[in-house]
Amino acid sequence: MRVQIAIVGSGPAGLLLGQLLHRAGIAAVVIEQRSKDHVLARIRAGILEQISQDLLDAAGVGERMHREGLVHHGIELAFGGRRHRLDLYRLTGGRAVRVYGQTELTRDLMEAREAAGLPSVYQAAEVRVHDFDGERPRVTFRRDGQRHEVRCDFIAGCDGYHGVCRASVPAGALRIYERVYPFGWLGVLADTPPVSDELVYSNHERGFALCSMRSPTRSRHYLQCSLDDRAERWSDAAFWDELRRRLDAETAQALVTGASIEKSMVPLRSFVAEPMRFGCLFLAGDAAHIVPPTGAKGLNLAASDVRYLSRAFIEYYRDHSAAGIADYSAKCLRRVWKAERFSWHMTSLLHRFPDQGEFGHKIQEAELDYLVHSQAAAASLAENYVGLPFED
Ligand code: RFL
Ligand code: PHB
């Protein structure tokens, strides 16, 4: 098989890139190691910045997001037994975020790809990328016992943190920056109404908690937990009890409990691999960087990489210019590091760290108090939360 772009991975980054390229008349194939159902069963992110929404519109898949996604004009911070609202809309001069689950967005993109009859390979085994430092890169894989080869101009490595693309780059060519946090998040999805119209981020002495949602009838909650904890060890009753204890009285009272649909644990990590391009191989999304989920930036950063990458490819084929390709890594990384900073900062502000001591706790309290009483501090958080503007 011969295509212009071989996309490895059918997460949000790979699928969105495929759709944007298709609309520009560029031929791509998506190669994914898992099944469609497996990809769709992963419950992950839930908050879309405006730029991610705009990109879904540009890809022609925004219709259901506009219909079903919930626009949020604010978030709530709970600490010291009270809830404080940050009015994102007012603080940013009219910007907001939209609650729309990664599962839904992935489904919309998969359906659009299928409807357009675009080539995708699911359950591809032994996916390997070759010769990306030359001019004839290839991707090989096995499917139904047969070996396949895709020849292409460029490879887009959209295969997530554990993927094969970053791992195939010679170690000396990569610089890794990493911070592993001494805790994880335990997440529960349930068909219960959300506690509030907006997300509640809670800093509590027992640990961080987040009350989020997927719809007016489906809630998503998280608890800070220790790294050696396991989701299976938590009964639904134990989860709801612990969540209630970490919320202010008003929120705790509004909490409606019910059977969980999904329960999972995720460790928290900050990670950046530099650069994001090696010859004809481009890394995008989680393949290149990870943020702790506290700032809701993971999925949005994947979308922002794809925006730069799709433009670079379109410029290359339409205008015969390699400028976007040459700038890809540097442009992405400027945005990536700002999101890394914000995600690290939100994580540091809201979680209890084993070694923070009384001093560290007092500093957190002071900063939270500053945030809700200073227009300047609140505006800075709000600007980052709704997403920094693009610098093209
Ligand atoms: P994805 O979604 O991981 O997709 C990568 C795809 O590549 C496939 N793959 C391969 N395909 C072919 N060959 C190989 N060798 C392959 N290896 C892997 C995988 O099966 C997969 O289908 O990366 P992408 O597209 O960059 O999208 C990024 C987002 O998924 C990610 O940033 C967010 O979901 C991060 N994240 C969260 N972000 C938030 O903003 N809020 C959250 O609440 C939130 N929760 C999460 C998360 C990430 C998690 N991970 C990665 C463990 C919860 C979890 C559990
Ligand atoms: C989610 O709904 O899964 C979610 C929302 C906000 C975050 C992280 C996760 O900061």
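Bear in mind that the values here come from a model prediction, so they are computed numbers and not experimental data.

Kindly report on the layout of surface pockets, identifying the contributing residues and their values.
The computed volume of the second largest pocket comes to approximately 330 Å³. Taken together, 19 residues line the second largest pocket, and the ones lying closest to its centre are Thr103, Glu104, Leu189, Arg214 and Arg218. Those elements that provide at least two residues to the lining of the second largest pocket are helix H4 (63-68), helix H6 (102-115), strand E15 (209-215) and strand E17 (260-274). No other element matches the three residues that H6 contributes to the lining of the second largest pocket. For the lining of the second largest pocket, the per-class residue count stands at eight nonpolar, four polar and seven charged. Each of domain 1 (5-72 + 97-178 + 269-349) and domain 2 (180-268 + 352-386) contributes no fewer than three residues to the lining of the second largest pocket.

Lay out the side chain of Ser219 in plain terms, naming residues and giving numbers.
Mapping Ser219 onto the fold places it in strand E16 (residues 218-225). A residue is classified by how much of its surface remains accessible, and Ser219, at 0% relative accessible area, is buried. A polar contact of 2.6 Å, which involves the side chain of Ser219, links it to the side chain of Thr192.

So what about the packing of helix H1 (residues 12-23) against H6? Which residues, and what values?
To describe two helices that pack against each other, one gives the angle between their axes and the distance between the axes. Where H1 meets H6, the closest approach of the two axes is 10 Å, and the angle between their N-to-C directions is 35°. Regarding H1 and H6, the two cross each other, and that crossing is left-handed. Listed contacts from H6 to Pro12, Leu15, Leu16, Gly18 and Gln19 of H1 are Gln102, Leu105, Thr106, Leu109, Met110, Ala112 and Arg113. Of the residues belonging to the contact of H1 with H6, the class tally is seven nonpolar, four polar and one charged.

Before we move on, could you go through the sheet that holds strand E3 (residues 47-48) and cite the residues and values that matter?
With antiparallel pairing, three strands are arranged side by side in an open sheet as E3-E7-E4. The open sheet has two edge strands, E3 and strand E4 (70-72), and neither has a second partner. Note: E4 against strand E7 (residues 97-99), three bridges, orientation antiparallel. Looking at E7, one finds that Leu70 is bridged to Val99.

Any chance you could break down the site of ligand 2 for me, citing the residues and the numbers?
Taken together, 14 residues lie around ligand 2, and Tyr201, Ser212, Arg214, Tyr222 and Pro293 are the ones closest in. The separation between an oxygen atom of ligand 2 and a polar side-chain atom of Tyr201 is 2.8 Å. Within the side chain of Tyr222, one N or O atom sits 2.6 Å away from an oxygen atom of ligand 2. Coverage of ligand 2 by the protein amounts to 97% of the 280 Å² it exposes when considered alone. Looking at which element gives the most residues to the shell around ligand 2, the answer is E15, with three residues. Here the shell around ligand 2 is composed, by residue class, of eight nonpolar, three polar and three charged. Taken domain by domain, the shell around ligand 2 gets at least three of its residues from each of domain 1 (5-72 + 97-178 + 269-349) and domain 2 (180-268 + 352-386).

Which residues make up the site of ligand 1, and what values go with them?
Residues in contact with ligand 1 amount to 30 residues; listed here are only the nearest, Ala13, Glu32, Arg42, Gln102 and Asp286. Between ligand 1 and the protein, one listed contact pairs an oxygen atom with a side-chain N or O atom of Arg44 at 3.0 Å. Expressed as a share of its isolated accessible area of 1000 Å², the protein-covered part of ligand 1 is 86%. For the shell around ligand 1, the elements supplying multiple residues, two or more each, are H1 and helix H10 (298-318). Residue composition of the shell around ligand 1, by class: 14 nonpolar, nine polar and seven charged.

Calculation criteria
- Residues numbered from 1 in each chain as written.
- Chains lettered and ligands numbered in written order.
- Predicted model: local features only at pLDDT ≥ 70, side-chain atom pairs only at ≥ 80, totals over all residues.
- Heavy atoms only, no water.
- 1 Å grid on protein atoms, 1.4 Å probe; cavity = no way out; pocket = protein on both sides within 12 Å on 5 of 7 lines; lining within 4 Å.
- Points joined across faces, edges and corners; volume = space filled by probe spheres on them.
- Helix = DSSP H or I, 4+ residues; strand = E, 2+ residues; numbered from the N terminus.
- Nonpolar A, V, L, I, M, F, W, Y, C, P; charged D, E, K, R; others polar.
- Domains from an automatic or database assignment.
- Buried < 20%, exposed > 50% of the residue type's maximum accessible area, 1.4 Å probe, protein only.
- Polar contact = N/O pair within 3.5 Å; in protein donor to acceptor, adjacent residues only side chain to side chain.
- Axes fitted to C-alpha atoms, helices over the stretch in contact; angles between N-to-C directions.
- Left-handed = near helix turned anticlockwise from the far one by under 90°.
- Contact = heavy atoms within 4.5 Å.
- Pairing = 2+ DSSP bridges.
- Near = heavy atom within 4 Å.
- Areas by Shrake-Rupley, 256 points an atom, 1.4 Å probe, with all protein chains shown as cover.

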